[in-house]
Amino acid sequence: MGAVYLPSQFGFVLVPLANVQVKPGDKLRITCQYSHIGQADGQPLYAAIGNEGWAGFDEVLHGSKTINVPEDATWNYHEEYVDIAITTAISAGFYDLYAKIGGTFPKVISPSLLDVVEVLAEIPESEFGEISITDYAKV
Amino acid sequence: MAQYADIVEIVAPGDAAVGSRVDITVRIKNKYSSTIGIMVGGALEYGVSPWPGISFSESSANVTGGATHSFSGYFNMPDKRITIHAYSYYYGSDGSWHFDDEMTRTVDLAEEIESEFGSIAIISYQRR
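Notes on the overall build of chain B
Phase 1 of the analysis: Each helix and strand in chain B was counted, giving zero helices and 10 strands.
Phase 2 of the analysis: When the elements of chain B are put in sequence order from the N terminus, they spell out β-β-β-β-β-β-β-β-β-β.
Phase 3 of the analysis: Taken across its 128 residues, chain B has 29% of its residues classed as buried.
Phase 4 of the analysis: Counting contacts in chain B only where the partners sit at least 6 residues apart, residues at least 24 apart contribute 64% of the total.

Have a look at this one:
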């Protein structure tokens, strides 16, 4: 189970996050909270499913969209989401999540949440194997 | 020293961001004992010539003796610190406007903070 520290009136609180199960054809909506100060800005919000490793985050699927951030005279927190389409490009198993703001050179990168996404195996197409008469009676 | 149309105050912010609308108020007191016509004028000094004017929604008014009238105006902040020059005029018995008083006030250019992101955290994720 993943968890994330969020600011609150009491300082930072640890919010536990449950695992989520997805399968090909689903979308995973990832909601992020970020802090910002300064002029209004437009930046890509990017999130990826993959595996955190010693060499970094090995992305398998990702989603991104441009967010328009308003001008903030002081540090303010905002929330925004991005969807990742789950395709057959990802195999069944447990995966990690991370998000970032910015393009090639990210402005901020979130901590990775480990093993929070379980990708289920694709359910096969409808198929009939055999049939046999099991009973017969007068009605 | 004003004879009749005494500029009491220019109300304006201490600073403003480039391109933003700056609203100001020029308060002018009628020092005469009875009602006279008072007119306001204004210009911005920041190194360009001629000095750009200030738009006032109402540039003149009949002001009763001893009263103070507020004239509202605005301008768009250029990319430099500016000095507001406000002028007052009174309507004379000869049927002409007469210059009477002047006051200045500066408005600094507000420092704009570059966009900066401090942190990001995933707070939820759900299947759609």
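Structural notes on the confidence of the model for chain B
Phase 1 of the analysis: Overall, the prediction assigns chain B a mean pLDDT of 94, with 100% of residues at 70 or greater.
Phase 2 of the analysis: Overall fold confidence for the complex sits at a pTM of 0.60, while the interface term, ipTM, reaches 0.80.

Describing the sheet that holds strand β8 (residues 82–91) of chain B
Residues and elements named next belong to chain B.
Phase 1 of the analysis: The strand order β2-β9-β8-β4-β6 describes an open sheet built from five strands, whose pairing is mixed. Sheet topology places β2 (15–16) and β6 (60–63) at the edges, where each strand pairs with a single neighbour.
Phase 2 of the analysis: Bridge analysis of strand β4 (residues 36–45) against β8 gives eight bridges, and the strand direction is antiparallel. For E45, the partnering residue across the bridge sits in β8 and is T83.

Notes on the interface of chain B and chain A
Phase 1 of the analysis: Contacts between chain B and chain A engage 17 residues on the former and 36 residues on the latter.
Phase 2 of the analysis: Looking at the side of chain B that touches chain A residue by residue, the class counts come to seven nonpolar, five polar and five charged.
Phase 3 of the analysis: Here strand β4 (residues 27–38) of chain A runs beside strand β10 (residues 116–127) of chain B; their pairing, made up of nine bridges, is antiparallel. Across the sheet, C32(A) pairs through a bridge with I122(B), a residue of β10(B).

Side note on the nonpolar core
Phase 1 of the analysis: Counting 28 residues, the largest nonpolar core has I30(A), L97(A) and A99(A) as its most contacted members.
Phase 2 of the analysis: At the level of secondary structure, the elements contributing two or more residues to this core comprise β4, β5 (41–53), β7 (72–85), β8 (93–101) and β10 (113–119) of chain A together with β10 of chain B.
Phase 3 of the analysis: Counting residues in hydrophobic clusters, the runner-up holds 23 residues, among them I28(B), V40(B), I54(B) and I82(B).

Considering the sheet that holds strand β1 (residues 5–11) of chain B
Residues and elements named next belong to chain B.
Phase 1 of the analysis: If you walk across this open sheet you meet the four strands as β1-β3-β7-β5, and the pairing is antiparallel. What marks the edges here is a single partner per strand, and that holds for β1 and β5 (55–56).
Phase 2 of the analysis: As judged from the two bridges shared by β5 and strand β7 (residues 68–76), these two strands associate in the antiparallel manner. When the bridges of β7 are listed, F56 appears paired with G73.

Reading the values: rules and limits
- Going along each chain's sequence as written, the residues are numbered from 1 onward.
- Chain A is the first chain written and ligand 1 is the first ligand written, with later ones labelled in order.
- Only residues with pLDDT of at least 70 are given local features in this predicted model, and only at 80 or more are side-chain atom pairs given and counted; all residues enter the totals for whole chains, interfaces and linings.
- Runs of H or I in DSSP of at least four residues are treated as helices and runs of E of at least two as strands, each being numbered from the N terminus.
- Neighbour counting defines burial: a residue surrounded by 20 or more other C-beta atoms within 10 Å of its own C-beta is buried, one with 12 or fewer is exposed, and intermediate counts give partly exposed, using backbone-placed C-beta atoms.
- What counts as a contact is two residues whose backbone-derived C-beta atoms lie within 7 Å of each other.
- Scored between 0 and 100, pLDDT is the confidence that the predictor attaches to each residue.
- Pairing between strands is defined by DSSP: at least two bridges between them are needed.
- In this classification, the charged set is Asp, Glu, Lys and Arg, the nonpolar set is Ala, Val, Leu, Ile, Met, Phe, Trp, Tyr, Cys and Pro, and all remaining amino acids, among them Gly, are polar.
- Take the buried Ala, Val, Leu, Ile, Met, Phe, Trp, Tyr and Cys residues, join any whose C-beta atoms are within 7 Å, and the set you get is a nonpolar core.

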